[in-house]
Amino acid sequence: MPIDKEKIKQELINESNSILSDWNEPYEVDGISVMNMQGKITFLGSLRVFDERNAPAIMREVESKLAKYGKLSVRDERVVPCCSARYTHISFNITVDNS
């Protein structure tokens, strides 16, 4: 049975925004990228966390809530833009077998 990419994509957006909302973070995820590869589909997403004290807990939540979709990889990086507030960029990719 083929994977419903659009359904998973929307669930990932909703799940990400729910996590951010629970921590009173102002950023909202509006898109998830989808890459089709032979036998696999990868979903790529990112969150911006402005209160750095929240970043470790949000990262743990991303890991626990999104792992059910497939092989999950999460990483974070501090970003210091020249003209706006600093934030922690949390990115994830989820690989799902499509065979």
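Above this note sits the structure.
Here's a quick rundown of the structure.

Some words on the overall build of the protein
Moving on, step 1. A count of helical and extended segments in the protein gives two helices and four strands.
Moving on, step 2. The order of helices and strands in the protein, counted from the N terminus, is α-β-β-α-β-β.
Moving on, step 3. Scaling as 2.2 N^0.38, a compact globule of 99 residues should have a C-alpha radius of gyration of about 13 Å, and the protein matches this with 14 Å.
Moving on, step 4. Along the longest, intermediate and shortest principal axes, the C-alpha atoms of the protein span 45 × 25 × 20 Å.
Moving on, step 5. Within the protein, buried positions represent 34% of all 99 residues.
Moving on, step 6. Sequence-distant contacts in the protein: of pairs separated by 6 or more residues, those separated by 24 or more amount to 59%.

Looking at helix α1 (residues 5–22)
An α-helix turns once every 3.6 residues. As a result, residues three or four positions apart point the same way.
Moving on, step 1. Compared with an ideal rise of 1.5 Å per residue, which puts 18 residues at 26 Å, α1 spans 26 Å between its outermost C-alpha atoms and is within 8% of the ideal.
Moving on, step 2. Every buried residue of α1 is accounted for by I8, L12, I13, E15, S16, N17, I19 and L20.
Moving on, step 3. Those residues of α1 hidden inside the fold are in contact with β2 (40–49), α2 (55–66) and β4 (87–97).
Moving on, step 4. Immediately downstream of α1, the backbone of N24 shows phi near 55°, a positive value.

Some thoughts on the pattern of salt bridges
Moving on, step 1. Inspection of every chain in the model, using the stated rule, returns six salt bridges.
Moving on, step 2. Taking the shortest distance from any N to any O, the salt bridge between E15 and K68 comes out at 3.7 Å. Of the two residues, E15 is situated in helix α1 and K68 in the loop between α2 and β3 (71–79); the sequence distance between them amounts to 53 residues.

Criteria and thresholds
- Within each chain, residue numbers correspond to sequence positions counted from 1 in written order.
- For this predicted model, a pLDDT threshold of at least 70 governs which residues receive local features, and a threshold of 80 or more governs which side-chain atom pairs are given and counted, while totals over whole chains, interfaces and linings are taken from all residues.
- To obtain the side-chain values, all non-hydrogen atoms of the structure were included, while hydrogens and water were left out.
- For helices the rule is a DSSP run of H or I covering at least 4 residues; for strands it is a run of E covering at least 2, with both sets numbered from the N terminus onward.
- The quantity called the radius of gyration is restricted to C-alpha atoms. Its globule counterpart is 2.2 Å times the number of residues to the power 0.38.
- Here the term buried applies to any residue with accessible area under 20% of the maximum for its type, exposed to any over 50%, and partly exposed to those in between, with areas from a 1.4 Å probe on protein chains only.
- A contact between two residues is defined here by any heavy atoms of the two lying within 4.5 Å.
- Given the number of residues in a helix, its expected span is that number minus one, multiplied by 1.5 Å.
- Whenever a carboxyl oxygen of Asp or Glu lies within 4 Å of a side-chain nitrogen of Lys or Arg, that contact is scored as a salt bridge.

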